[in-house]
Amino acid sequence: VQLQASGGGLVQAGGSLRLSCVASVGIFSINTMGWYRQAPGQQRDLVAQISSGGAANYADSVKGRFTISRDNAKNTVFLQMNSLKPEDTAVYYCKVVTRQYSIVAWGKGTLVTVSS
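Residues numbered from 1 in each chain as written. Predicted model: local features only at pLDDT ≥ 70, side-chain atom pairs only at ≥ 80, totals over all residues. Heavy atoms only, no water.

> Honestly, the nonpolar core in this entry has me stumped. Any pointers?
Nonpolar side chains tend toward joint burial in soluble globular proteins. Ranked by size, the top nonpolar core spans 29 residues in total, and within it Trp35, Val47, Phe66, Leu79, Met81 and Tyr92 carry the most contacts. Of all the secondary-structure elements, those providing two or more residues to this core are β1 (2-6), β3 (17-24), β4 (30-38), β5 (45-50), β7 (66-71), β8 (76-81), β9 (90-98) and β11 (110-115). (Core = buried A, V, L, I, M, F, W, Y, C linked by side-chain atoms within 4.5 Å. Buried < 20%, exposed > 50% of the residue type's maximum accessible area, 1.4 Å probe, protein only. Helix = DSSP H or I, 4+ residues; strand = E, 2+ residues; numbered from the N terminus.)

Have a look at this one:
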C-alpha cells in the first residue's frame, strides 16, 4: 500500500488550500481514509477522517473550516481547507486503513504553511 499526497504550500491567513492523497492498494480495498498533521515539536494529531460510507469526523479546531471527502473509484481522499490560520501550519499526512487485515499506511506528508 502506497500513498502520495499533494497540494501543500504557502498561503496567507484566511486563504484556502486543497490537499489530495492517492492510495495505491493493489488487491486490497480501503476502509477509512484520513488526514493528520504534525507541527514542529508537537505530536501527530487527527485532523479529519472519513469512512468508506462517507461518514466524517473532525478535530474541534478545524470544524466548520475543513472538509474531507473521498473518491472511492480513484482511492483518493481530499481535504479542503478554508479560512486557514497560522496555527494550521504543519506537515499534513494522509492515512488509510485497509478492509483486509486492517493494514495501516501513511503518506510522506505535505507541508502547509499559513502566514499571518
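> How should the pattern of salt bridges be read in this particular structure?
Two side chains of opposite charge can pair, provided their charged atoms sit close to one another. One pass over the structure, following the stated rule, counts 3 salt bridges. Note that Asp88 is salt-bridged to Arg37, the shortest N-O span being 2.9 Å. Of this pair, Asp88 sits in the loop between β8 and β9 while Arg37 sits in strand β4, and the two are 51 residues apart along the sequence. The exposure classification of Asp88 matches that of Arg37, with both residues buried. Residues Lys63 and Asp60 are paired through a salt bridge, measuring 3.1 Å at the closest nitrogen-oxygen approach. Three or more residues are tied together by salt bridges with common partners; here these are Arg37, Arg65 and Asp88. (Salt bridge = Lys/Arg side-chain N within 4 Å of Asp/Glu carboxyl O.)

> Help me out: how do you make sense of the pairing of β4 in this one?
As a general feature of sheets, a regular strand has side chains that alternate between the two faces. Here β4 runs beside β9; their pairing, made up of 7 bridges, is antiparallel. The residue bridging Tyr36 from the neighbouring strand is Tyr93, located in β9. With 5 bridges joining them, β4 and β5 adopt antiparallel strand pairing. Bridged to Arg37 within β5 is Asp45. Hairpin connection from β4 to β5: 6 residues lie between these consecutive antiparallel strands, with Gly41 at a positive phi of about 75°. (Pairing = 2+ DSSP bridges.)

Structural measurements only, silent on function.
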